[in-house]
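Structural features, examined
Here is what each chain is made of, one letter per residue.
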Amino acid sequence: TRRFLQIAGLSAAALLLAACGKKEEAPAPAPVASAPAPAPAKVYVVGTDAAYAPFESQNEKGEIVGFDIEVVQAIAKKAGFEVKFVNTPWEGIFNALGQGDRDLVVSAVTITEERKGTMDFSAPYFDAQQLIAVKETSKVSKFADLKKLKVGVQTGTTGDEAVTKLQGKTSTNIKRFESTPLALKELEAGGVDAVVADNGVVIHYVANNPGGKFKTVADKEFVPEQYGIAVKKGNTELLEKINKGLADIKADGTYDQIFTKYFGAPPAKAEAAA
Ligand code: ARG
């Protein structure tokens, strides 16, 4: 009996030790005996290059805000998942998605055939087109006029692609910036003759920087673009949730409400006015 008690005592001590050891690893353990809590809603990490107002930018409090942000928040609410936005530099944004550091990317991303090779896109959620920004005094009246001029673009954007196609891959007149606002600041400073970027962002920047004395030049030569929400290639489970949520917010008027908040009129009217 004595030996049994000793063994029992030892194993009790061992159990205690094991329990203590476990406690240190997990500082906030759930009470062992209680029923398992309901699984919390999945939190998806959303990458966005938040220097792209009005689609995504940081407010004075450092919060990430904008049209894209509200669209994704509305989709998440409908689809029953949670989202956490993480400011992510444009140049690394698709790598972060591919490596699983971000579950989705919303960043005014144009759906292109090339990108479709390395990521999957939701249904389109916004129509866009490239737009030229120049100084008020500029003689530029069409895209072809930029053939021999110094042009600022954001690296790796569809604006970069368009200008690279116009001037040729070896052109030394393309100045590439890590953000579109930096390219526009260079235009203001006189370091480039023009900037080519998404219309919504150019219009927003010009309107909010009257001191820059900019004007915009549109050209039908630019191919129409559409923004999509990107997920890692093959993540059909998340993509289906997003597409369902997007369809739902379009059907119930939420999408139009967000659109009107940012662009002054619901989508159809905004298009007719453009
Ligand atoms: N729509 C363009 C593209 O996909 C530019 C997007 C840049 N977005 C951003 N948040 N900086 O290439």
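The structure this text deals with has already been given above.
Since the structure is predicted, the reported quantities are computational estimates derived from the model, not experimental observations.

1. Remarks on the packing of aromatic side chains
- Applying the stated criterion to the full structure yields 21 aromatic pairs.
- Centroid distance Tyr 52 to Phe 55: 6.4 Å. Interplanar angle 40°. Geometry classified as tilted.
- Given a relative accessible area of 6%, Tyr 52 falls into the buried group.
- Accessibility expressed as a relative area gives 0% for Phe 55, which makes it buried.
- Between Phe 67 and Tyr 125 the ring centres are 6.5 Å apart and the planes differ by 25°, which places this aromatic pair in the stacked class. Of this pair, Phe 67 sits in helix H2 (residues 67–79) while Tyr 125 sits in the loop between strand E7 (119–121) and strand E8 (126–128); the two residues are 58 residues apart in sequence, bridging distant segments of the chain.
- An aromatic cluster is present here, built from Tyr 52, Phe 55, Phe 67, Tyr 125, Phe 126, Tyr 227, Tyr 255, Phe 259, Tyr 262 and Phe 263 joined pairwise through their rings.
- Across the ring face of Tyr 255, the terminal group of Lys 250 is positioned such that the distance to the ring centre comes to 5.2 Å.

2. Examining the site of the ligand
- Close to the ligand lie 14 residues, the nearest being Asp 49, Ser 107, Ala 108, Arg 115 and Asp 198.
- Within the backbone of Ala 108, one N or O atom sits 2.7 Å away from a nitrogen atom of the ligand.
- Within the side chain of Asp 198, one N or O atom sits 2.6 Å away from a nitrogen atom of the ligand.
- Within the complex, the protein chains bury 100% of what would otherwise be the 350 Å² of accessible surface of the ligand.

About the thresholds
- Residues numbered from 1 in each chain as written.
- Predicted model: local features only at pLDDT ≥ 70, side-chain atom pairs only at ≥ 80, totals over all residues.
- Heavy atoms only, no water.
- Phe/Tyr/Trp six-rings, centres within 6.5 Å; stacked < 30°, edge-to-face > 60°.
- Buried < 20%, exposed > 50% of the residue type's maximum accessible area, 1.4 Å probe, protein only.
- Helix = DSSP H or I, 4+ residues; strand = E, 2+ residues; numbered from the N terminus.
- Lys NZ or Arg CZ within 6 Å of the ring centre and 35° of its normal.
- Near = heavy atom within 4 Å.
- Polar contact = N/O pair within 3.5 Å; in protein donor to acceptor, adjacent residues only side chain to side chain.
- Areas by Shrake-Rupley, 256 points an atom, 1.4 Å probe, with all protein chains shown as cover.

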